[in-house]
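Residue-level structural notes
Spelled out, the chains give:
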Amino acid sequence: MKSVVALPLSRPIVVGVLLILSTGLSFMVSRKWNLQSKLSGCIRAYELPPIIDIPVNEMSKQAYESALKEYGPVIGVWRKGTLEYIVDESLTKEVISNDQDFSFERGTARLLNLPFILPLSGGKFFKDVHTMVAGGTIPRMDKLVDQIFPIFKRQIHGIVKDSQLSGKGVDLFAHMHHCIAEAMLITILGKKFLNDNTLRVTEETARAIAIMAGIYPDISPFARRFPRVWNVITWMRLVVEVVILQYCWVIVPIVWKEIRARKYQPLKSRVSEDNSKEARHDEPLVHYIASMYADSQGRVSISSAIWVSILIIAFIFVSVHQTAASVVWVVFELSIRKEYLPSIGEELSAVADNINADGVHRLSYDSLCRSTVLDSFVREVLRTKVDSLGIVRETTRDAPLGGYIIRKGNLVHPMATLTNYSRTLNGENAAQFDPTRWIDGAAASTVSSEYLTFGFGRWACPGRILAVTVIKMIVFTLLAVSVPEVEGGEYVVTDPLNMMSLPPVGDVVFHPFDSGLRSSGRLDARRCNS
């Protein structure tokens, strides 16, 4: 495969991205304040929540839940050099529904170490991401599944074959990260730009942004003692090594050429025309994003082209890293709960368009929509492995909450596990893993106030339908040709506080398929996930 060389026309966009990232780093360095001194100067009439000391090496779901039970419904905890307020399930809906007092955009930007992204985008970053994902992927799910399923089939067959020949376990996250990166690269740019170089850079970009966003826990003593300094050092290193020297030199020239070489019908005018609907569904995502910024003449400005490149980075991070981690969790749970394999295998026989000796020949989006047994299993894994502190808001003023006042500019986290495990909201057996819980209920991608894995309300994850669809494609393909087993029957949780963001540690062995796990019967179609 030929590698892509930077084009002369791409220099303005590379310089622009560099300037934006440099400005962002400067913003992060300059945006320092001493929150402790702020608190000491508060008016005494404001009653602040109790501040609980939880040592870094003891931070876990259990520690936070115990502190909330004893001191709640609101507590403050210092984590990574920042005072964060945590609320229990009685206040969760108030926090995630009150946009006036608790800002999703400000909170999420800070949580991901991107405080500069909102002022640089005029406050539109998350709105643009939502438009990009919801408009650019959901309407064309049928085409996307047809386009990327062969990738998963080819990659997974290779993984299973290697494992069975060697008899050894494989690092499933590394393999899933690779094949999902390939699928998303084709989704973004189209198959003609897939080569070893672009795929490598896509993987490296997803990995780098995960580190820059603080997904991976800081294990070094220096990082724990000086988290802000460590963040700046890490950002500078990865911006130079990955974003500038790799992404800007390999992916950005392609984006620049695709955007500047043609005219686009502005998004507002084209959504009202149905005659080209089918053709639009065949286009790569970069064309859809370009249409979001096209002027009346169909041209995309240089500044907008720079912004498109940044939005693509966001899409790569979310679609590759988080989806790969979720796939690993589902496969690991299946491997230790083999009693559910026959029912899922039976469903595979019922919904797949065709299955032959080589496994699944074809899965369509409609087939996946009808897979309620696997969908229920996936939803239960996502419910029970939810990130405890994955949802965040920032107070926009001194906001009353639970009998206390949360000062303006503070982060507030609903303790998502308390909601997802609530017996009031999810039944008396909410603490138990029951993969049949949702067979006749909500789909894995459906959000609600009692299921916070994908957030809630207007800021729910717009890519959840694509993510669940990818998970089901991969799991069905794996189970069509093998039986997964975690070596030793155990795995290690990387981050006990935020489990879903990071995959469990352990190797998976794929044993030859036992035909007894899949019956020849057929199941009735019951619903389509949405």
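Residues numbered from 1 in each chain as written. Predicted model: local features only at pLDDT ≥ 70, side-chain atom pairs only at ≥ 80, totals over all residues. Heavy atoms only, no water.

So, the overall build of the chain
Which entries qualify depends on this criterion: For the purposes of this entry, the term helix denotes a DSSP run of H or I that reaches at least four residues, the term strand denotes a run of E that reaches at least two, and both are numbered from the N terminus. Here, residues are in contact when the closest pair of their heavy atoms is within 4.5 Å. Using a 1.4 Å probe, accessible areas were evaluated by the Shrake-Rupley method; residue-level cover was limited to the displayed protein chains.
Per the secondary structure count, the chain includes 22 helices and eleven strands. Pairs at least 24 residues apart make up 78% of the contacts formed inside the chain by residues separated by at least 6 positions. On the chain, roughly 22500 Å² of surface is accessible, and the fraction owed to carbon and sulfur atoms is 54%.

Overview of the sheet that holds strand β3 (residues 102–103)
Which entries qualify depends on this criterion: Any two strands with at least two DSSP-identified bridges between them are counted as paired.
Strand order in this open sheet of five strands is β1-β2-β9-β6-β3, and the pairing throughout is mixed. On the outer flanks of this sheet lie β1 (74–79) and β3, each paired with one strand and no other. Bridging between β3 and strand β6 (residues 393–395) involves two bridges; their strand directions are antiparallel. Bridged to Phe102 within β6 is Thr395.

Considerations on unusual backbone geometry
Spelled out, the test is: Residue exposure (1.4 Å probe, protein chains only): buried if accessible area is under 20% of the type maximum, exposed if over 50%, otherwise partly exposed.
The peptide bond linking Gly72 to Pro73 adopts the cis configuration, its omega dihedral lying at 15°. Secondary-structure assignment places Pro73 in the loop between α3 (61–71) and β1. One non-glycine residue, Lys80, lies in positive phi territory at about 55°. Mapped onto the secondary structure, Lys80 falls in the loop between β1 and β2 (82–87). Residue Lys80 is classed as partly exposed on the basis of its relative accessible area of 41%. Here Asn113, not a glycine, exhibits a phi torsion of approximately 60°, which is positive. With respect to the helices and strands, Asn113 occurs in the loop between α5 (104–111) and α6 (117–121).

With respect to the packing of aromatic side chains
This is how it is decided: Pairing of aromatic side chains here covers Phe, Tyr and the six-membered ring of Trp, requires ring centres within 6.5 Å, and sorts the geometry by plane angle: under 30 degrees stacked, over 60 edge-to-face, intermediate tilted. Both a distance and an angle decide whether a charge sits over a ring: NZ of Lys or CZ of Arg must be within 6 Å of the ring centre and within 35 degrees of the ring normal.
According to the stated counting rule, one finds ten aromatic pairs in the structure shown. Where Phe125 meets Phe126, the ring centres are 5.0 Å apart and the plane angle is 75°; that geometry is what we call edge-to-face. The burial state of Phe125 is the same as that of Phe126; both residues are buried. Ring pairing ties together the aromatic residues Phe104, Phe125, Phe126, Trp307 and Trp459, which thus form one cluster. Its guanidinium or amino end placed over the ring of Tyr421, Arg383 lies 5.4 Å from that ring's centre, counting from NZ or CZ.

Some remarks on the confidence of the model for the chain
Rules: The pLDDT value tells you how sure the predictor is about a given residue, anywhere from 0 up to 100.
Here the chain shows a mean pLDDT of 84. Residues at 70 or above account for 83%. Confidence scores differ between elements of the chain, with helix α2 (residues 35–40) showing the lowest mean pLDDT of 43 and β6 the highest of 97. Contacts of residues 27–45 to residues separated by more than four positions or lying in other chains number 23 contacts, the stretch itself having pLDDT below 50. When the criterion is pLDDT under 50, residues 515–530 qualifies, and its contacts beyond four places in sequence or with other chains add up to 49 contacts.

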